[in-house]
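# A structural walkthrough
Given next are the chains, with one letter for each unit.
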Amino acid sequence: MSARFKSLTWKQTTLVVFSALFFAVAIFIVEVALVGVSARQQLMVAQEELLDSIEQPAANAVWALDDNLATQTLEGVLKVEHVGEAVIELDDGSMFVSMNNPFTDNPLVRKLSEKLFGDLKQISRTLYRPSFFEGTEKQQIIGTLTIFYNTQELTDSLFSQLRFSFLATLARALLVTMALSIIFHRFLTKPIAQISEAIDKIDPELPDENLLPTSTAHQDDELGLVTSKFNQILIQFGQTQSKLRRMATRDPLTGLPNRTLLLETIAVSIQRARVHKHQFTMLFIDLDRFKNVNDSLGHALGDQFLARIARVLERVVGDRGTVARLGGDEFVILAEDARTPDQAADFVDKLLMQLNVPLQLNEHTIHPAASVGISIYPDDGLSAEDLIRHADIAMYSAKAAGSNQWAFFKQQMTERAAVRLRTEASLHDALKNNEFLLHFQPKFNIKTGKVIACEALIRWKKDGRLISPMSFIPVAEETGIIIPLGRWVIEEACRTLKHWRKRYNYAIPIAVNVASQQFADASLVPDIKQLALRYQIDPSLLEVEITETSLMNDIELAIHKLEQLKGAGFGIAVDDFGTGYSSLSYLRHLPITTMKIDRCFVTDLPNESAIASTILMLGKQLNLHIVAEGIENEQQLNWLKQMDCEIGQGFYYSQPLDISEFENRYIAPNNASISQI
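Parameters and conventions
Residues numbered from 1 in each chain as written. Predicted model: local features only at pLDDT ≥ 70, side-chain atom pairs only at ≥ 80, totals over all residues. Heavy atoms only, no water. Pairing = 2+ DSSP bridges. Helix = DSSP H or I, 4+ residues; strand = E, 2+ residues; numbered from the N terminus. Axes fitted to C-alpha atoms, helices over the stretch in contact; angles between N-to-C directions. Contact = heavy atoms within 4.5 Å. UniProt positions renumbered as here; feature names shortened; annotations may be inferred. Polar contact = N/O pair within 3.5 Å; in protein donor to acceptor, adjacent residues only side chain to side chain. pLDDT = per-residue confidence, 0-100. Buried < 20%, exposed > 50% of the residue type's maximum accessible area, 1.4 Å probe, protein only. Salt bridge = Lys/Arg side-chain N within 4 Å of Asp/Glu carboxyl O. Parallel < 35°, antiparallel > 145°, perpendicular 65-115°, else oblique. Nonpolar A, V, L, I, M, F, W, Y, C, P; charged D, E, K, R; others polar.

If you check an unreviewed UniProt entry, the protein chain appears there as Diguanylate cyclase/phosphodiesterase from Shewanella loihica.

Here it is in C-alpha cells:
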C-alpha cells in the first residue's frame, strides 16, 4: 500500500510555522531575562531613592514621637508603585507605626516573583537622631524604617507588558511565515507541482512529445537545470523508442513493414471495413526460383534482388495499400482498393506484369516470377491471422499450377491443409512404428516375356488398410520426411536382396526411386554404399532411379554423384524422361545406364508415337537400356515390340505385388538357379 501523499507546500508551511514559533519563544525567553534584569536594576535604584527621600521625615517623626507625622510619611511611601507595606520601629524594637496596602496572593506569580525579586522584597534603613539637635557628635540610633515590596504585583505587571510583546512577536512571525509560504509556493513548490503534472502526461510510447515546462524564473537555478536535463533524457528516450519501434516493426533488409506492423495495419483495415461495410484483398506473394538466385549468385546479390523486388511492389501498390515482408522471399500486400474478386484479379495481373520485368544485378540479368495467393475480407477470414494464412494456402495452390500463377482461397484448401498436417504427424509416427512396406512391380523382357528386374514401390499400411502413395509422398516431400523415408526404402531393398540370395540363391535387380530432396542430400551416396556393404549385396542388383528434374537442379553436382554411384557398380536410371526441360547436350555427359519412357507417352501409343520414338532412338544411340512404363494394353505392347523396346512394365503385365506374392511368382520358381542378367 502506497504512503499517504503529503503536499510539499504543507510540509514547508508547517516547518516555517514551527520554526517561527520556536524562535518567537526563544526571543521571548531572552526578552524575559533582559526585562527581569532591567526591572531588578530599576527596582534597586528606586528603593535607594525612596529611602533617601523619606529617611529624614521618618527620623524626625521618631525623634519627636510624632505618630501623625510618621503616619503621613508612611502613607506617602505606600503610594509609591509596588510598595506593599511600610514599618517604623523604635530602637528598642517596638512597633512605632505600620501601614500596608491590601493585595491578592497568587501562588504561581508568587513563585515567579521569588525567583526574580526574592532578594529585593524588603529594604531597611536605620534611623538616626536628627543632626539639628544638639548633643554629642556620635550618631544616635533611634529606630528602623522597613519597606516591603509587593513583588507579585511587580511580576504581574512585567508579564502583562511581556505578554503584549510576545503576541506582537508571534503575530510578526506568523505574517512572515505566510509571506514566506506564498513566496516559496509561487517560486518553488508551484513549478515543482507543474513538473509533476507534466510527468503524469508523458506518453511512454512518445516521450519527447510531452516535455516538462520551463520557467524563465528558474532558467539559471537548480530547478531549471533539473528540468533541462530531464527534457534531454526524454528527447533521447524518444529517439531510442523510435529506433526500437522501427527495428521491431520494419524489415531490416527492405525497410518494409514486418509481420508485427502488418498485423496492426490489417487490424485497423478490418475495423474500417467493418464500419463502412466493404471488402479488401490480401495477397500472399512467394517468389519463384529464388533459391536458384541465392545459390547461384550468392546471398549478397540475393539480398539486393529482394530489395529491388520490394521497391517494385511498393511502386505498384503506391498509396492504395501496404506492402510487407514476412521473411525470406515471402511478401504480403494489403490492397484496400481491391474490394471485389474481379478487382483483385485485375490488380494481381498488373502486379505480375510489373514484377516480370527483368532486373539487372551487376552483370546478371534476372527474370523475376512469383506465385500469388488471394484472400478477401470478410469471406475468407475475419482476423488478420486467418486472412494471411488463407492467402498463404491459396499461394501454394497457385505454385502447384506452375510459375507466375495466382489463385483465390477456397475452403477446400483449408481442409486439404489440415489433412496434410495430420499426415505429416502420422508420417513421423509411421517411421517409428515400422508401418511402411514395399510392393514390387516386375519388369519384363518385352521380346521373351521373362521377368528380369522389378521396381520397389513404398506402401503405408495404417490401421489395417493401405494408404495410396499419392496422398502421402507429396507431404513427405514438402516436409523433408522424404529423406529418411527414401533411406528406409533403399535399406529395405538391400535387406530384400540379401533375403532372396540367402533363401533362394537367386535375386533380380531392384530399382528404387530417389526424390529430388533426397538426391540433393549430401549423405545419399555414402548411405547407398554403406547399406550395400552392410547387407553384402552385389551393387549391380540395386538400381537408383532419378527424376529428370532432380538432375537439372545442379547438373554438375548431379554428374559427380552419378559417377560415384556408377563407379561403385550401381545401376542408374533416369525416370520420367521427356517430361522435364533437360538439355540434350547434358544427357550424353550423364553416367546413366537406363532411360525410362514416361507413362504419359506410352498411354498415347500407338496413335501419338513421335516422342516415344525419339526417346527410343536416343537411348539406342547412347547405348542405354530403355524401359517403357505404364503398359496397359496389347496395342501398346505390340508397338514397343516393333520399335525394339527392351523392357516393359505396367498393369498389362502385373500390378505391384506384396513381397510374399512376388516371391511366390517370380523368385521361388528360380530357387537354386543362378541368375544370368
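More follows now that the structure is in view.
## Digging into the sheet that holds strand β1 (residues 83–90)
Spatial strand order, β2-β1-β4-β3: four strands in an open sheet with antiparallel pairing. One side of each edge strand has no neighbouring strand; the edge strands of this open sheet are β2 (95–100) and β3 (122–128). When strand polarity is set aside, the average angle formed by the axes of neighbouring strands in this sheet is 10°. Both β1 and strand β4 (residues 141–149) contribute to a ladder of seven bridges, which runs antiparallel. In the strand pairing of β4, I88 is matched with L145. Here helix α2 (residues 67–78) sits on the sheet and contacts β1, β2 and β4; the angle it forms with β2, its principal contact strand, is near 30°.

## Quick notes on the UniProt feature "transmembrane region" (unreviewed entry) in the protein chain
Those places that UniProt annotates as "transmembrane region" (unreviewed entry) correspond, in this numbering, to residues 15–37 and 164–184. For the annotated span residues 15–37, helix accounts for 100% and strand for 0% of the residues, and the straight-line distance between the end C-alpha atoms is 33 Å. Helix makes up 100% of residues 164–184 and strand makes up 0%, while its end C-alpha atoms are separated by 30 Å.

## Quick notes on the sheet that holds strand β11 (residues 406–408)
Taken together, the five strands give an open sheet; going across it, the order is β6-β7-β5-β10-β11, and neighbouring strands pair in mixed fashion. Each edge of the open sheet carries a strand with a single partner, namely β6 (321–327) and β11. When the angles between neighbouring strand axes are averaged without regard to direction, this sheet yields 20°. Sheet topology places β6 next to strand β7 (residues 330–335); six bridges connect them, and they run antiparallel. Residue pairing for β7: R325 is matched across the bridge by F331. Set on the sheet, helix α10 (residues 384–400) makes contact with β5 (280–287), β6, β10 (370–377) and β11; between it and β10 the angle comes to about 140°.

## A look at the side chain of D286
For D286, the location among the structural elements is in strand β5. A distance of 2.9 Å separates a polar atom in the side chain of D286 from a polar atom in the side chain of K399. Filtering out sequence-adjacent residues up to four positions away, D286 remains in contact with D329, E330, A369, A370, S371, M395 and K399.

## Description of the confidence of the model for the protein chain
Here the protein chain shows a mean pLDDT of 82. Residues at 70 or above account for 86%. Long-range and interchain partners of residues 673–677, a stretch whose pLDDT sits below 50, account for eight contacts in this model, where long-range means more than four residues apart.

## Structural notes on unusual backbone geometry
A cis amide bond links Y377 to the next residue, P378, at an omega of 0°. Cis geometry is adopted by the peptide bond preceding P606, which originates at L605 and carries an omega value of 0°. Position of P606 relative to the elements: it lies in the loop between α19 (599–603) and α20 (610–621). The phi torsion at Q536 lies on the positive side, around 55°, for a residue other than glycine. Note that Q536 resides in the loop between α15 (524–535) and β16 (542–547). On the basis of relative accessible area, Q536 is assigned to the exposed category, the value being 71%. Of note in the backbone geometry, N623 takes a positive phi value of approximately 60° without being a glycine. With respect to the helices and strands, the residue N623 is situated in the loop between α20 and β19 (625–629).

## Structural notes on the pattern of salt bridges
Taken as a whole and assessed by the stated rule, the structure comprises 23 salt bridges. Among the salt bridges present, the one from D527 reaches R487, with a minimum N-O distance of 3.4 Å. Placement of the pair is D527 in helix α15 and R487 in helix α13 (residues 482–504), with a sequence separation of 40 residues. Sharing partners across several salt bridges, the network here consists of K443, E455, E543, E545, K596 and E629.

## Observations regarding the packing of helix α6 (residues 259–276) against α10
The N-to-C vectors of α6 and α10 enclose an angle of 110°; their axes lie 9 Å apart at closest approach. One way to sum up the angle between α6 and α10 is to call them roughly perpendicular. Here α6 contributes R259, L262, L263, I266 and I270 to the contact with α10, which in turn contributes A384, E385, L387 and I388. Across the contact of α6 with α10, the residue classes tally to seven nonpolar, no polar and two charged.

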